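The lines below spell out each chain.
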Amino acid sequence: MRTFAEGPRSGTFGVALTRRTVVAGAVGNFIEWYEFGVYAFFATVIAANFFTPQGGGAAEALVTTYASFALAFFFRPVGAFLLGRVGDRFGRRPALTITVLAMTSATTLIGLLPTYAIAGAAAPWLLTALRIVQGLSAGGEFGGVVALMTECAPPGKRGAYGAWQSLTVALGLLAGAGAATLVTAVLTEGQVAAWGWRLPFLAAAPMGAVALCLRLRLGESPEFFRARQARAADAVPAARRSRRAWRARWEAVPGPAAVSLCAAAEADASGPPAEAKKVVSGVVLGCGRLMAWSAAGYTFLVVLPTYLQHTVGESPRRALLATLVANLGFAASILPAGALSDHLGRKPVMATGAAMTGLSALPLLHVVQYRDSPVWLTYGAVALAGALVGLLAGPGPAMLAEMFPTPTRHTGLGVAYALANAVFSGCAGLFITELIRRTGNPDVPAYYVLATSALGTLALATMKDDDHRRRLGD
């Protein structure tokens, strides 16, 4: 068993460290997605309490609620960049500690907010402000967790370890749907609308306390320390070579021009790293590769309950139960898909998942829309939709980690994931709800998934067949 001494509380690099890393990373990510799930599942109640002034329409309020939902997503790239820089410079642990503190505080405060009836126009602004805090913290969460899990993974198991991050997404959504289902089952509709919706948000406080304790005891990634030591060792000779080269030019060009050369030398010494262009291109390409996962995941796993209630006419309880089944299918396929990608490669597993998701979107949605469909067929359809998304979510974290070098991995993969989710996930509810309202076409969600899956499949085709075999830092 190999040991290393770098970093606080690093301990032994082996089963104990990797298990602790998975648990500490997974718990914080679980809370993030639990909260996002609760917000989506109670979208109609939140719309009535925060975005419906007296005389306002329910449809307009729902669109405004999803606009607030999307706004939080558009702050995620900002959080991914800011907290990613913290993680790449000071370590994954400090950044992940900040994210769980911010997310838990904001989620708990949402459960305590005054509604429009009490605070008036201030209520939606307060809610939106807390959603922004959640967006910032969520943006830094994904990059840090994936970087830590994949960097601590044993050789040949990055897909399986990275898949745990996606599994906590499914478990968080399941917990959010379960909490919403429990509240709606135990309380009357009036009680849920008045105060019952607050309970799942307040439950984030004790969960966040547990996550914070685990992350304070978290060890640092050995890959991060190796990269930092290598960069420190290379920095001094590189700086000396740069100074010698510019000194020679300065001596050859006397007078005022030498001042300009000195300024250029300073810029050369403090300029962006050589891999900056690779990181930017990786972020753009990563967004394309995540397109199908982001769009289909939110359409089938988060937007589904509201769609079933407002478009299909299902009861809130049946809509939430269908969402639970979809998330169970999602959760069941994630770990097998991640492990399979360690053997077959990320490309065949993810490209197959994207293509099948796009081709099956319209038939599956028609099954759900037909209210006389047998119960087993309806729930089988939503479970299959979730399982297909799992084929993308399982290998996805490892795929992203393999696209970026260690010194910029937290920032690069975090920004790529946050941008993809801001565009294709955060806008999914707003886009689908508004387009259905304008066109009256209930097939809009299927067309959205079909279009994004087709483009995502093309982006996934650019992957190399041996990405899963290469060393992570290469």
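In this text the structure is predicted, and so the values were computed from the model without any measurement.

Undergrad: I keep staring at the overall build of the chain and nothing clicks. Help me out?
TA: When helices and strands are counted, the chain shows 22 helices and zero strands. Relative to its full complement of 474 residues, the chain shows a buried share of 55%. Of the contacts made within the chain by residues no fewer than 6 positions apart, 84% connect residues no fewer than 24 positions apart. Element-wise, carbon and sulfur atoms account for 68% of the exposed surface of the chain, whose accessible area totals about 19400 Å².

Undergrad: Looking at this structure, I do not really get the nonpolar core. What am I missing?
TA: Across soluble globular proteins, nonpolar side chains have a tendency to be buried as a group. In terms of nonpolar packing, the biggest core is built from 106 residues, with Phe42 and Leu400 touching the most fellow members. Per-element accounting of this core gives the leading share, 12 residues, to helix H14 (residues 276-301). If near-sequence neighbours (up to four positions away) are discounted, Phe42 is found in contact with Ala180, Val183, Thr184, Val192, Trp197 and Pro200. Counting 11 residues, the second largest nonpolar core, distinct from the first, contains Val22, Leu96, Val145 and Cys152.

Undergrad: Can you walk me through helix H16 (residues 316-344) in this structure?
TA: Helix length check: H16, at 29 residues, gives a terminal C-alpha distance of 41 Å against a target of 42 Å (1.5 Å per residue), a fit within 8%. Where H16 bends most, at Ile334, the angle is about 30°, and the proline Pro336 comes one to four residues later. Positioned one or two residues after H16, Gly345 has a phi angle of 110°, which is positive.

Undergrad: Honestly, a nonpolar patch on the surface in this entry has me stumped. Any pointers?
TA: A cluster of nonpolar residues, Val78, Phe81 and Leu82, forms a patch on the protein surface that exposes about 280 Å² of accessible area. If you trace the backbone, Val78 turns up in helix H4 (residues 76-90). On the accessibility criterion, Val78 (39% relative accessible area) is partly exposed.

Undergrad: Explain the side chain of Thr104 here, please?
TA: Its location among the elements puts Thr104 in helix H5 (residues 92-110). Among the polar contacts made by the side chain of Thr104, one reaches the main-chain carbonyl oxygen of Val100 at a distance of 2.8 Å. When near neighbours in sequence (up to four residues on either side) are disregarded, Thr104 contacts Ile31, Ala204, Ala205 and Gly208.

Undergrad: What is the right way to look at the environment of Phe225 in this model?
TA: Take Phe225: it is sitting in helix H12 (residues 222-252). You can call Phe225 buried: its relative accessible area is 6%. Counting along the chain gives 181 residues from Phe225 to Thr406, while the straight-line C-alpha distance between them is 9.7 Å.

Undergrad: How should the side chain of Asp342 be read in this particular structure?
TA: With respect to the helices, strands and loops of the structure, Asp342 is situated in helix H16. Looking at Asp342, its side chain comes within polar contact range of the side chain of Arg346, at 2.9 Å. Setting aside residues up to four positions removed in sequence, Asp342 forms contacts with Gly156, Lys157, Arg158, Gly159, Ala160 and His468.

Undergrad: Can you help me understand the environment of Leu388 in this one?
TA: Tracing the backbone through its elements, the reader meets Leu388 in helix H18 (residues 375-393). Overall, Leu388 belongs to the buried group, its relative accessible area being 6%. Each C-alpha atom, one on Leu388 and one on Ala296, is 9.0 Å from the other, the two residues being 92 residues apart in sequence. Every residue in contact with Leu388, bar those within four places of it in the chain, is listed here: Gly353, Met356, Thr357 and Ser360.

Undergrad: I'm lost on the packing of aromatic side chains in this one. Help?
TA: In the structure shown here, the tally under the stated rule is five aromatic pairs. Ring centres 5.6 Å apart and planes at 85° place the aromatic pair Phe50 and Trp197 in the edge-to-face group. In this pair, Phe50 sits in helix H2 (residues 43-50) while Trp197 sits in the loop between helix H9 (189-196) and helix H10 (198-202), placing the two residues 147 residues apart along the sequence. Of the two residues, Phe50 and Trp197, both sit in the buried class. Through a chain of ring-to-ring contacts, the aromatic side chains of Phe50, Trp197 and Phe201 assemble into a single cluster.

Scoring rules and cut-offs
- Residues numbered from 1 in each chain as written.
- Predicted model: local features only at pLDDT ≥ 70, side-chain atom pairs only at ≥ 80, totals over all residues.
- Heavy atoms only, no water.
- Helix = DSSP H or I, 4+ residues; strand = E, 2+ residues; numbered from the N terminus.
- Buried < 20%, exposed > 50% of the residue type's maximum accessible area, 1.4 Å probe, protein only.
- Contact = heavy atoms within 4.5 Å.
- Areas by Shrake-Rupley, 256 points an atom, 1.4 Å probe, with all protein chains shown as cover.
- Core = buried A, V, L, I, M, F, W, Y, C linked by side-chain atoms within 4.5 Å.
- Expected span 1.5 Å × (residues − 1).
- Bend = angle between axes of the 7 residues up to and from the residue.
- Patch = residues over 30% accessible without salt bridge, like charges linked within 9 Å, V, L, I, M, F, W, Y side chains within 5 Å.
- Salt bridge = Lys/Arg side-chain N within 4 Å of Asp/Glu carboxyl O.
- Polar contact = N/O pair within 3.5 Å; in protein donor to acceptor, adjacent residues only side chain to side chain.
- Phe/Tyr/Trp six-rings, centres within 6.5 Å; stacked < 30°, edge-to-face > 60°.

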